[in-house]
Amino acid sequence: MSSLLIVDDNKDILTQLKWGLASEGWDLHFAHDADEALRMYDEVAPKVVTLDLGLPPEEDNSSEGFRCLVEMLKSNHPARVIVITGNDERENALKAVQTGAYDFFRKPIDLDELRVIIRRAFHLCDIEAEQPGEEAEESNGVAESHGIVGTCPAMRSILTMIDRVSSSDVPILISGESGTGKELVAKAVHEKSPRRGGPLVTVNCGAIPENLLESEFFGHEKGAFTGASSLVRGKVEYADKGTLFLDEIGELPMNLQVKILRFLQEMVIQRVGGRKDIEVNVRIIAATNVDLPQAIEEGAFREDLYYRLSVVNLHLPPLRDRGEDVRLLAEHFLRRLTGDMHREITGFTPEALAYLTSYDWPGNIRELENKVRRAIVLAGGSRITPEDLGFVGHGTRGNGETPPLSGTLREARAGLEKKMVKSALTRCQGNILKASEELGISRPTMYDLLKKHGIENWGK
Ligand SMILES: Nc1ncnc2c1ncn2[C@@H]1O[C@H](COP(=O)(O)OP(=O)(O)OP(=O)(O)O)[C@@H](O)[C@H]1O
Ligand SMILES: [Mg+2]
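Residues numbered from 1 in each chain as written. Chains lettered and ligands numbered in written order. Predicted model: local features only at pLDDT ≥ 70, side-chain atom pairs only at ≥ 80, totals over all residues. Heavy atoms only, no water.

Describing the pairing of strand E2 (residues 27-31)
Where burial is concerned, most of E2 is hidden: 4 out of the 5 residues are buried. Two elements, strand E1 (residues 3-7) and E2, share 5 bridges in a ladder whose sense is parallel. Paired with Ser3 across the bridge in E2 is Asp27. Each parallel crossover has a hand, and for E1 linked through helix H1 (residues 11-21) to E2 it is right-handed. (Buried < 20%, exposed > 50% of the residue type's maximum accessible area, 1.4 Å probe, protein only. Helix = DSSP H or I, 4+ residues; strand = E, 2+ residues; numbered from the N terminus. Pairing = 2+ DSSP bridges. Right-handed = clockwise from strand over helix to strand, strands pointing away.)

The structure is reproduced here in structure tokens:
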């Protein structure tokens, strides 16, 4: 049962919370002062606490509140404590978080927002309680396996699949939008497989000119063509006893699709200009962000090759469909990136978190990582704000531009997305490449967005 202890000396607020939170199915407990709160804390061992810092006998200062917070965190069943402060007590709020509070919330209480924060806190408790996959590590409530952070159901099943398929040699096709972690998953599979001692060799099928691709794959003999002054081994040979990662497989030209298919069927290659069959022992992982079944229909991809490659298909969902993972990932990147930079940034403001969870993330996890990196550099305070993340124009702090809190999430996302695309284009004087880089998305994604939102006359 999810037990929640609410500590507040104001009876009206307690009543408001009692009714306002009743429908959530939490086991609610109430306390009016520090002593009562600590007694109940030991008795019910709540998972989450909301703690008003201004407790009697000195409601105007927060000493009793802090005493309570410190005692709770010291206990051997520490809860996630959400501190509630007066509107002008920013300093206390920050101090509380530094002391170890999970989050803070400022009065007047907006029930909808508070509910979201409490729900998240419970959610993190659940994640901690569930036993993650065998080799998953837990750090600060984040389930992580080979660098892959993810606890939403779709990602959990991906992690389970990775565990299952790593030990064999079956080919794997990883699909998903740009920036969803396809390469990361390929690496994880290799690292978990018995081939981990061998090489992981990547060929980016979209980045190599068509006329060089065959030699890139299979190598060439000396004198095979003009300029082939010595024998060169191809990537397939280098991948022997390891894994060959065929990235952007959807970009592979038709004539090479045939050759790759033959190689997959027979596990032998011939260097360009050579006649000798060379046996290789590789495991194939391919990745694509194009819809291959559709490409097959359009005649751009061979069906037989598709079936060879996709014995196991791991589809990575876009970040906007991963629920709470956005927050976990943001915190993961913050920890990792501040670790590098020795900065004293403790987390995100509730407003920033609201933006993070309502944004559409066209560039997926790569875009999130870029935004957090940028925010760490720009952050003035100890918590990252929407401005730091680039969600609101510079110098607009306090102009009332908060995430829209009514209407559907989809509408809110679409609105914010359109606004950001337009303003990036204006800033970059209509330069699509620059604007997409600034937004952390690829150019094709940018074109999709322009089409989606009917943006034509950008600020040239
Ligand atoms: N679940 C995750 N947990 C932690 N980091 C992640 C996760 N997914 C992706 N990343 C990080 O996001 C970035 C983009 O991931 P990656 O390059 O694997 O995506 P991709 O799908 O291959 O993108 P593209 O289609 O553009 O090549 C990388 O820095 C990666 O480490
Ligand atoms: Mg990639």
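Quick notes on the domain arrangement of the chain
One can read the domain layout of the chain as domain 1 (3-129), domain 2 (148-315) and domain 3 (320-452). Each side of the interface is counted separately: domain 2 has 9 residues, and domain 3 has 12 residues. For the pair domain 2 and domain 3, the summed buried area comes to about 930 Å², and 47% of that belongs to carbon and sulfur atoms. Inspection of the region where domain 2 meets domain 3 yields 1 salt bridge. Of the charged contacts in the structure, one is a salt bridge between Arg320 and Glu177, with a shortest N-O distance of 2.6 Å. Inspection of the domain 2/domain 3 interface yields 8 residue pairs in polar contact (both at pLDDT 80 or more). The residue inventory of the side of domain 2 that touches domain 3, partitioned by class, reads 3 nonpolar, 5 polar and 1 charged. (Domains from an automatic or database assignment. Contact = heavy atoms within 4.5 Å. Buried area = accessible area lost by both parts, 1.4 Å probe. Salt bridge = Lys/Arg side-chain N within 4 Å of Asp/Glu carboxyl O. Polar contact = N/O pair within 3.5 Å; in protein donor to acceptor, adjacent residues only side chain to side chain. Nonpolar A, V, L, I, M, F, W, Y, C, P; charged D, E, K, R; others polar.)

Concerning the site of ligand 1
Taken together, 17 residues lie around ligand 1, and Val149, Ser178, Gly179, Lys182 and Glu369 are the ones closest in. Take Thr180: an N or O atom from its main chain is 3.2 Å from an oxygen atom of ligand 1. Within the contact set of ligand 1, an oxygen atom lies 2.7 Å away from a side-chain nitrogen or oxygen of Glu369. Here ligand 1 loses 86% of its free accessible area of 640 Å² to cover by the protein chains. Listing elements by their share of the shell around ligand 1, those giving two or more residues are strand E8 (148-149), helix H7 (182-192), helix H13 (325-341) and helix H15 (364-378). (Near = heavy atom within 4 Å. Areas by Shrake-Rupley, 256 points an atom, 1.4 Å probe, with all protein chains shown as cover.)

Overview of the sheet that holds strand E4 (residues 80-85)
Note: strands within a sheet are paired through backbone hydrogen bonds, in either parallel or antiparallel orientation. What the 5 strands build is an open sheet, ordered E2-E1-E3-E4-E5; its pairing is parallel. The sheet terminates laterally at E2 and strand E5 (103-106), the two strands that pair on one side only. The sheet shows a mean angle of 20° between the axes of neighbouring strands, direction not considered. Bridge analysis of strand E3 (residues 48-52) against E4 gives 5 bridges, and the strand direction is parallel. Within E4, the residue paired with Thr50 across the bridge is Ile82. (Axes fitted to C-alpha atoms, helices over the stretch in contact; angles between N-to-C directions.)

Remarks on the packing of helix H16 (residues 409-427) against helix H18 (residues 443-452)
Running from N to C, H16 and H18 point in directions that differ by 115°, and their axes come no closer than 10 Å. Between H16 and H18 the crossing geometry is left-handed. From H16, Glu417, Val421 and Leu425 reach across to H18, where they touch Met446, Leu449, Leu450 and Lys452. Split by residue class, the contact of H16 with H18 holds 5 nonpolar, no polar and 2 charged. (Left-handed = near helix turned anticlockwise from the far one by under 90°.)

Points about unusual backbone geometry
Going from Pro56 to Pro57, the amide bond is cis rather than trans, its omega being 10°. Its location among the elements puts Pro57 in the loop between E3 and helix H3 (63-74). A cis amide bond links Lys107 with the next residue in sequence, Pro108, at an omega value of 0°. The backbone phi angle of Glu248 is positive, close to 55°, even though this residue is not glycine. Here Glu248 shows up in the loop between strand E13 (243-247) and helix H10 (254-266). Residue Trp361 is not a glycine yet carries a positive backbone phi of 50°. One can find Trp361 in the loop between helix H14 (350-358) and H15. Overall, the relative accessible area of 0% leaves Trp361 in the buried class.

So, the packing of helix H2 (residues 34-44) against H3
Between H2 and H3, whose axes approach to 10 Å, the crossing angle comes to 15°. Of the possible angle classes, the one that applies to H2 and H3 is roughly parallel. Helix-helix and strand crossings are classified by hand; for H2 and H3 the assignment is right-handed. Only Glu64, Arg67, Cys68, Glu71 and Met72 of H3 make contact with H2, whose side of the interface consists of Ala34, Asp35, Ala37, Leu38 and Tyr41. (Parallel < 35°, antiparallel > 145°, perpendicular 65-115°, else oblique.)

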